Amino acid sequence: MKNDNFLRALLREPTEHTPVWIMRQAGRYLPEYNATRKKAGSFLALAKNPELACEVTLQPLERFALDAAILFSDILTIPDAMGLGLYFAEGEGPKFERTVRTEADVARLGAADLESLRYVFDAVSLIRKSLDGRVPLIGFSGSPFTLACYMVEGGGSDDFRTVKSMLYARPDLLHRILALNAQSVTAYLNAQIAAGAQAVMVFDTWGGALSDAAYREFSLAYAKEVFAGVTRTAGGRIVPRIFFTKGGGLWLESMAKAGADALGLDWTIDIGAARARVGDQVALQGNMDPAVLFSSPEAIEREAKRILASFGTGPGHVFNLGHGISQFTPPEHVHALVEAVHRHGRNPSPA
């Protein structure tokens, strides 16, 4: 590895500088991404073409001195491989042709067909080869609960009324879905690792919508299952695992015991306070508000310095946004952020 700062930070080992990458760093804010997507014809066609997926994965690395690449894909590949028929409606986001809502729907549901996801693993292999040790490659999946939200709702939701109704009225059905999802996510991440992913991340985007008791039973418990089954080493190195629950600040202590090496933080919690709560159990990733990138380079640098100072000295910090970058972000502001983190993250002062 020419730059393994990201991997070392996840394992709380000393680094040359605070590593930085950005959720959705290959995305619509980059004109070159939009050009490649147009060439592909659609988002799904882009994601299912290993050569084009590799192309867009590498694009942000050509612009910015990022410390990691993340596979270009979508969290909903698993439900698609369960036969639910993923498609994207213009202006409405992801949708499924078939939902999983009734007892009969759940009875028909099986684990994801990994062979139908060969395009993902081929993309991982191609990206890893193309990186040639430049920076590590992150593989990822949605969490079992977040995937279930889309599978039951049939797409995105403002209130998750349908899946929450199932949770309280027929918890047995939701547990069956979650068990299959956990099995599928574990196998999917292990296949990504076998193909060359050097770290993996589980995105629990909608876990924060749950009550305390429901989060522990229906989200956290199944994340633990996944981490217990994910390959620990590959190529003689530990494969670090990152666990991110958007809105998960209430559960940091419990999340730190889930089996991940690092916790992703959204912007609603102070990173120094989070560090004090979890101690040396896990590294922390985050956690700038993506909206900061709409401000000036000076304001971006100021906020980056504040977050670095709040984390304090010592290993275990991967700088990132608290969620995905907006498509309206000026690319030059991302450059300002990356440069600021590398400049001020070499010897961050205590909060």
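Since the structure is predicted, the reported quantities are computational estimates derived from the model, not experimental observations. (Residues numbered from 1 in each chain as written. Predicted model: local features only at pLDDT ≥ 70, side-chain atom pairs only at ≥ 80, totals over all residues. Heavy atoms only, no water.)

**Comments concerning unusual backbone geometry**
Quick note on the threshold: Under the scheme used here, helices are H or I runs from DSSP no shorter than 4 residues and strands are E runs no shorter than 2 residues, and both carry numbers assigned from the N terminus.
For the peptide bond that leads from Gly286 to Asn287, omega is 0°, which places it in the cis range. Structurally, the position occupied by Asn287 is in the loop between strand S10 (283-285) and helix H14 (297-311). One non-glycine residue, Arg24, lies in the positive phi region at around 65°. Along the chain, the position of Arg24 falls in the loop between helix H1 (5-10) and helix H2 (31-40). Within the chain, Asp132 stands out as a residue other than glycine whose phi angle is a positive 50°. One can find Asp132 in the loop between helix H7 (118-131) and strand S4 (137-142).

**Digging into the pairing of strand S8 (residues 241-245)**
For clarity, the threshold we go by: The buried label goes to any residue with under 20% of its type's maximum accessible area, the exposed label to any with over 50%, and the partly exposed label to all in between, with areas taken from a 1.4 Å probe on protein chains only. The pairing criterion for strands is at least two bridges between them, as found by DSSP.
When you tally the buried positions in S8, you get five out of five residues, the bulk of the element. Because side chains alternate across S8, one face comprises the buried residues Arg241, Phe243 and Thr245, and the other comprises Ile242 and Phe244, equally buried. In terms of strand pairing, strand S5 (residues 199-204) meets S8 through five bridges, oriented parallel. Note that in S8 the partner of Val200 across the bridge is Arg241. With three bridges joining them, S8 and strand S9 (residues 262-264) adopt parallel strand pairing. Among the inter-strand pairings, Phe243 is bridged to a residue of S9, identified as Leu263.

**Remarks on the pattern of salt bridges**
Put simply, the rule reads: By definition here, a salt bridge exists when the distance from a side-chain nitrogen of Lys or Arg to a carboxyl oxygen of Asp or Glu is within 4 Å.
Following the criterion strictly, the structure yields 20 salt bridges and no others. Its salt-bridge partner being Lys2, residue Asp132 comes within 3.5 Å of it at the nearest N-O pair. On the criterion of sequence distance, the pair formed by Asp132 in the loop between H7 and S4 and Lys2 in the segment before H1 is long-range, its members being 130 residues apart. Judged on exposure class, the residue Asp132 and its partner Lys2 are both exposed. Residue Asp80 pairs with Lys48 through a salt bridge whose shortest N-O separation is 3.2 Å. With Asp80 in helix H5 (residues 77-84) and Lys48 in the loop between helix H3 (43-47) and helix H4 (50-63), the pair connects residues that are 32 residues apart, well separated along the chain. We classify Asp80 as buried; its relative accessible area is 18%. By sharing partners, the salt bridges in this structure join Asp4, Arg8 and Arg237 into a single network.

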